[in-house]
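# Fold and contact review
Residues per chain, in single letters:
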Amino acid sequence: MKQGTDFYAEVKVKNTGIYVSLRNMALSQIFPSGWEIINSRLFDIGAELKSSRVDYFDFRDDRVDFFFSLRHGETKKFVVLLNAAYKGKFFIPSTHCSNMYNNDVKSVKGGGWVKVY
């Protein structure tokens, strides 16, 4: 992707398991060091790209963590605005979603290499 490009990451989580309701879920997405997170709480941009309702979210320099509940069959969508700020080849770590108090409930989705030119 070209340096300076604004884009967004979208992650969808669905409760397809045996649990009727999942509380205390945590989704953590770490982004490559060549990308910068655009904090939509500070800037009036990306209003049309809304995330599902969460209990709490935490923006850090390299990641965004979402904390939420999920009913059986329910799907939630999480959107993070990003900018390809630095040139180079960077690794995007896997996405982790799990229950904070039940180790039987977890999901990890791959990672991979990205290039900013």
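To keep things clear, this report deals only with the structure shown in the data block. Keep in mind that this is a model prediction, so the values were computed, not measured. (Residues numbered from 1 in each chain as written. Predicted model: local features only at pLDDT ≥ 70, side-chain atom pairs only at ≥ 80, totals over all residues. Heavy atoms only, no water.)

Before going further, it helps to spend a moment on the overall build of the protein chain. Regarding its fold elements, the protein chain presents zero helices and ten strands. Helices and strands in the protein chain line up, N terminus first, as β-β-β-β-β-β-β-β-β-β. When the backbone C-alpha atoms are referred to their principal axes, the protein chain occupies close to 45 × 30 × 20 Å. The buried share of the protein chain, reckoned over its 117 residues, is 38%. (Helix = DSSP H or I, 4+ residues; strand = E, 2+ residues; numbered from the N terminus. Buried < 20%, exposed > 50% of the residue type's maximum accessible area, 1.4 Å probe, protein only.)

Our focus in this paragraph is the nonpolar core. Residues Val13, Leu27, Trp35 and Phe68 are the most contacted members of the largest nonpolar core, which totals 24 residues. At the level of elements, β1 (6-14), β2 (21-30), β3 (35-38), β5 (63-71), β6 (75-84), β7 (88-92) and β10 (112-116) are the ones that each hand at least two residues to this core. (Core = buried A, V, L, I, M, F, W, Y, C linked by side-chain atoms within 4.5 Å.)

Another aspect to go through is the pattern of salt bridges. Within the structure shown, the criterion is met by four salt bridges. A salt bridge links Lys12 to Glu10, with the nearest nitrogen and oxygen atoms 3.9 Å apart. Judged by relative accessible area, Lys12 falls into the exposed class, the value being 58%. Ionic pairing is found between Asp58 and Arg60, a salt bridge with its closest N-O pair at 2.8 Å. (Salt bridge = Lys/Arg side-chain N within 4 Å of Asp/Glu carboxyl O.)

Looking at the element boundaries, Asn83 is found in strand β6. Exposure remark for Asn83: the relative accessible area of 16% places this residue in the buried category. Among the polar contacts made by the side chain of Asn83, one reaches the side chain of Asp6 at a distance of 2.6 Å. Those residues in contact with Asn83 that sit more than four places away from it in its chain are Gly4, Thr5, Asp6, Phe7, Gly34, Trp35, Glu36 and Ile38. (Polar contact = N/O pair within 3.5 Å; in protein donor to acceptor, adjacent residues only side chain to side chain. Contact = heavy atoms within 4.5 Å.)

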